[in-house]
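# Results of the structural survey
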Amino acid sequence: MAGNVRRGLEIPEPSDYSSREDDEVTYFTDLQQPDNNLPESAKVINKLLNNLVDSTWEVISEQEKIKREEQAAKQIPVLSATKEMKLPGRTNSIVCSDDGLYLFLGHTHGLSVISTSTLTSVRTWQDERVELTSISCASLGNATHLLCTVDDMGIARLLVHHMENIYLVKVINETEDINQRNICAKFEVSRNGHFGAAVMTSSGSVWLEVYRFPQDVWLKELETKQATQTPQSTEAKLSPIVLLMKIKPPEIPSGTSLKSPSEVLLKTEEGTIIGSGQNHLISSRQWENQDAAFRRMFMKYLSSSSVTPPQQKAQGPSNCTCHFLLREGFHSMPGEAKAVRNIPIAVCLWWNGSHNLLQYLLKTPKEKDSEPRPDALWPNSQEILCSAISTCTRFIVLGLEGQQVTIWDRRFGCPYANIVIPGDGAICKMKLLLQSHLPVTSLFQGPFLPSLQLVLTCRNGTCYSVTVGRGRDTCTVALIERPAGPGSSVTVAEPVPFLKCLVLLMQRNGEVSIWETEDGAPVFTLNLPLTHVLGSLREPVCLLEPVQKKLYITGDRKTPLVKVTDWKEEESSLFIFSFSENTLMDSYRITSSAVSEKETRGTILDLEEACNLYLQERADSWKERNRNQSFKWEQLSKQDIK
């Protein structure tokens with residue numbers, strides 16, 4: 001009997017085919033072949049196996065049928081634009097004032113200021129030779145806004161919008177000889193307009209220039225100019241800006257010739273630490289030993305990974321990304337001045353191809369001609385690809401090679417979380433949002449340890465939503481994973497700050513939708529009129545305005561084929577989606593007040609005040625903590641502990 005059973009259920013020889021599905025089909029086919037030599041017990045087993053396979057396939061088919069019916073029955077609501085406004089030309093950039101009253105549009109003929117209440121142009125700054133490509137805005141108060149612009153020729157301009165007038169303050173890289181002009185790649189202003197930063201390039205070299213703006217003096221001068229000058233004037237001779245520092249990419253530190261630790265201590269600035277930032281005092285022999293040990297430990301990864309060729313690495317950094325930082329933490333850095341609320345004290349930056357995040361205090365160097373040195377260095381295991389910062393500047397998020405994400409907490413001076421994103425696409429864009437309105441699932445969640453929501457976009461078009469918090473599990477949801485074609489890849493992914501757990505997605509095929517981060521499914525579709533399409537499918541121009549809860553999207557009219565050659569005819573419009581007026585959004589509105597930026601901002605003066613705030617937070621959350629503890633004990637009692 002045993003011999004007969006072995007012949008009926010003979011184990012096949014190893015196959016060269018890579019598909020396990022083919023082996024399973026062959027196996028069950030052999031079972032179905034009649035064998036009169038099988039005993040009765042083997043026939044019963046054969047019949048039971050066949051019945052089991054048939055019932056399993058029936059269950060799978062029924063589940064797939066139910067799933068298809070549910071997807072067909074589920075209709076995604078479609079939202080249409082509530083208002084439309086004609087644009088003067090092709091719009092490349094759009095920003096909004098902090099109070100939500102004005103829109104600033106950079107287009108082919110200059111700059112336009114739009115009133116959000118009436119959707120009319122209140123003032124324009126025009127130049128037929130200028131096409132603005134980027135705008136950075138800061139509110140100075142008293143209906144005054146500071147605008148940092150860059151045009152398509154790499155010229156950076158500083159403009160001021162004051163009392164419905166626009167004044168050109170300064171051209172940053174203006175030179176008499178156009179061949180000697182530096183090209184500006186980025187020009188950004190800090191949130192309250194105290195500082196500005198411009199990335200300049202010239203003859204293959206790149207550097208960052210940081211400016212201080214005398215905004216208090218400017219406000220007084222603008223008041224005087226408003227009373228004496230005619231409204232037609234477009235230039236204003238205000239007090240000059242101050243070039244605070246010029247930061248160049250740091251050189252690779254070379255080994256020191258000092259031979260003993262005592263000599264190293266004598267060379268340090270204060271004699272308390274060895275090395276500060278990039279100012280290492282390490283011998284050449286130590287660098288060689290460290291590199292050799294690293295290569296021995298990770299040889300298999302270095303040999304198999306697709307690293308960048310050495311000739312590309314030797315070209316040096318080609319760009320710089322910077323963020324202005326407010327005061328944070330309980331410690332003071334050497335030479336740090338007394339911080340003023342809402343005024344940045346430092347700027348952090350990273351260069352392309354670098355592993356380190358550098359931090360410079362916003363102060364004038366001691367020596368006039370000396371190059372500024374970083375006051376802090378935040379090391380990372382991989383090369384930095386992109387970065388984002390919270391509005392309170394407490395959290396810094398870095399997207400690294402190998403699908404790694406590191407979140408630095410400046411308040412405590414340590415990493416807040418380390419995440420690995422699934423897939424093989426390099427992270428290219430990210431957005432960060434505090435999500436304190438999420439359900440409290442951690443004993444340590446609150447103003448000190450809030451929950452964060454990240455929206456990540458990869459170069460292959462995939463998009464992920466990540467919810468992370470200290471002391472709780474990280475939740476990663478794939479919104480768009482492995483696009484079927486280039487048209488499905490994501491170009492814009494941004495969390496909606498005034499709606500709970502929703503993300504705005506724009507795809508290259510022109511689809512605009514709002515997705516839920518918990519289950520990774522679309523909940524709303526936003527449609528432009530049939531006569532228009534997105535202005536740019538690769539880089540759509542849009543803006544989420546949190547004060548009035550609106551979405552602004554630029555669209556171009558569909559041009560017939562007979563008019564394709566007529567480049568002068570440009571019909572662009574600005575479409576407005578008002579989420580506050582739509583009843584479908586009621587279930588997603590944020591009713592409870594989230595952790596405000598003031599609570600997470602670095603306004604803590606000393607350690608005693610920090611401890612008092614922490615103890616107050618613990619006292620307010622004791623009920624929730626008791627409920628969580630009871631639930632965990634209940635779950636633990638149901639498990640068998642051996």
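These figures come from a predicted structure and were not determined experimentally. (Residues numbered from 1 in each chain as written. Predicted model: local features only at pLDDT ≥ 70, side-chain atom pairs only at ≥ 80, totals over all residues. Heavy atoms only, no water.)

### Details of the overall build of the chain
In terms of helices and strands, the chain carries eleven helices and 34 strands. With 642 residues in all, the chain has 41% of them scored as buried. Counting contacts in the chain only where the partners sit at least 6 residues apart, residues at least 24 apart contribute 54% of the total. Accessible area of the chain: about 36900 Å², with a carbon and sulfur share of 52%. (Helix = DSSP H or I, 4+ residues; strand = E, 2+ residues; numbered from the N terminus. Buried < 20%, exposed > 50% of the residue type's maximum accessible area, 1.4 Å probe, protein only. Contact = heavy atoms within 4.5 Å. Areas by Shrake-Rupley, 256 points an atom, 1.4 Å probe, with all protein chains shown as cover.)

### Focus on the nonpolar core
If you look at the biggest cluster of nonpolar residues, it comprises 25 residues, and the most contacted ones within it are Leu146, Leu158, Phe187, Tyr211, Phe213 and Trp218. Sorting the residues of this core by element identifies strand E8 (144-151), strand E9 (156-162), strand E10 (165-171), strand E11 (183-189), strand E12 (195-202), strand E13 (205-212) and helix H4 (215-228) as the ones contributing at least two each. Trp218 has contacts with Leu146, Leu158, Val169, Phe213, Leu238, Ser239 and Ile241, leaving out every residue within four places of it along the chain. By size, the runner-up hydrophobic cluster in this structure holds 24 residues, among which are Val492, Val496, Leu499 and Ile553. (Core = buried A, V, L, I, M, F, W, Y, C linked by side-chain atoms within 4.5 Å.)

### Some points on the side chain of His107
Turning to its location among the elements, His107 is positioned in strand E4 (residues 102-107). When its relative accessible area of 1% is taken as the criterion, His107 is described as buried. A polar side-chain atom of His107 sits 3.2 Å from the main-chain amide nitrogen of His109. Among the polar contacts made by the side chain of His107, one reaches the side chain of Ser112 at a distance of 2.7 Å. Among all residues touching His107, those that are not within four sequence positions of it are Pro88, Gly89, Arg90, Thr91, Asn92, Ser112, Val130, Glu131 and Leu132. (Polar contact = N/O pair within 3.5 Å; in protein donor to acceptor, adjacent residues only side chain to side chain.)

### Some points on the sheet that holds strand E20 (residues 395-400)
With antiparallel pairing, four strands are arranged side by side in an open sheet as E19-E20-E21-E22. One side of each edge strand has no neighbouring strand; the edge strands of this open sheet are strand E19 (384-389) and strand E22 (414-420). Strand-to-strand twist in this sheet, taken as the mean axis angle between neighbours without regard to direction, amounts to 20°. As defined by bridge partners, strand E21 (residues 404-409) adjoins E22 across six bridges and the pair is classed as antiparallel. Across the sheet, residue Val405 finds its bridge partner in E22, namely Ile419. (Pairing = 2+ DSSP bridges. Axes fitted to C-alpha atoms, helices over the stretch in contact; angles between N-to-C directions.)

### Structural notes on the sheet that holds E8
What the four strands build is an open sheet, ordered E7-E8-E9-E10; its pairing is antiparallel. Both outer strands of the open sheet, strand E7 (132-139) and E10, are each paired with one neighbouring strand and no more. Within this sheet the neighbouring strands show an average axis-to-axis angle of 25°, counted without direction. The pairing of E9 with E10 spans six bridges and is classified as antiparallel. By the bridge assignment for E10, Val160 is matched with Tyr167.

### Side note on the pairing of strand E27 (residues 490-495)
For E27, a buried count of five out of six residues is recorded, marking the element as mostly surrounded by other parts of the structure. In textbook terms, the turn of a hairpin is the stretch between consecutive antiparallel strands, and for E27 and strand E28 (residues 502-507) this stretch comprises six residues, one of which, Cys501, has a positive phi near 55°.

### Describing the confidence of the model for the chain
When pLDDT is averaged along the chain, the result is 77, and 73% of the positions lie at 70 or above. This stretch, residues 304-314, has a pLDDT under 50; its non-local contacts, to residues over four places away or in other chains, come to two contacts. (pLDDT = per-residue confidence, 0-100.)

### Details of the pattern of salt bridges
According to the stated counting rule, one finds five salt bridges in the structure shown. Where Asp409 meets Arg394, a salt bridge forms, and the shortest distance between an N and an O atom there is 2.9 Å. Of this pair, Asp409 sits in strand E21 while Arg394 is found in the loop between E19 and E20, placing the two residues 15 residues apart along the sequence. (Salt bridge = Lys/Arg side-chain N within 4 Å of Asp/Glu carboxyl O.)

### Side note on the pairing of E19
Most of E19 is tucked away: five of the six residues are buried. Across five bridges, E19 lies against E20 in antiparallel orientation. Of the residues in E20, the one forming a bridge with Ile384 is Leu400. Connecting E19 to the next strand, E20, in antiparallel fashion are five residues, including Thr393 with a positive phi near 65°.

### Here we look at the packing of aromatic side chains
For the structure shown, the criterion picks out seven aromatic pairs. Each ring, one from Phe395 and one from Tyr416, has its centre 5.0 Å from the other, and the planes form 70°; the classification is edge-to-face. Of this pair, Phe395 sits in strand E20 while Tyr416 sits in strand E22, placing them 21 residues apart in sequence. What makes Phe395 buried here is its relative accessible area of 0%. (Phe/Tyr/Trp six-rings, centres within 6.5 Å; stacked < 30°, edge-to-face > 60°.)

### Comments concerning the side chain of Thr108
The residue Thr108 is located in the loop between E4 and strand E5 (110-115) in this model. Here the side chain of Thr108 touches His109 through a polar contact of 3.5 Å, side chain to side chain.

### Thoughts on unusual backbone geometry
The backbone of Leu119 sits at a positive phi, close to 55°, despite the residue not being glycine. By secondary structure assignment, the location of Leu119 is in the loop between E5 and strand E6 (120-126). Judged by relative accessible area, Leu119 falls into the buried class, the value being 15%. Positive phi outside glycine occurs at Lys549, with the angle close to 55°. Looking at the element boundaries, Lys549 is found in the loop between strand E32 (542-545) and strand E33 (550-557).

### Here's the deal with the environment of Ile590
If you trace the backbone, Ile590 turns up in the loop between strand E34 (572-578) and helix H9 (597-600). Distance in space between the C-alpha atoms of Ile590 and Leu499 is 5.9 Å, their sequence separation being 91 residues.

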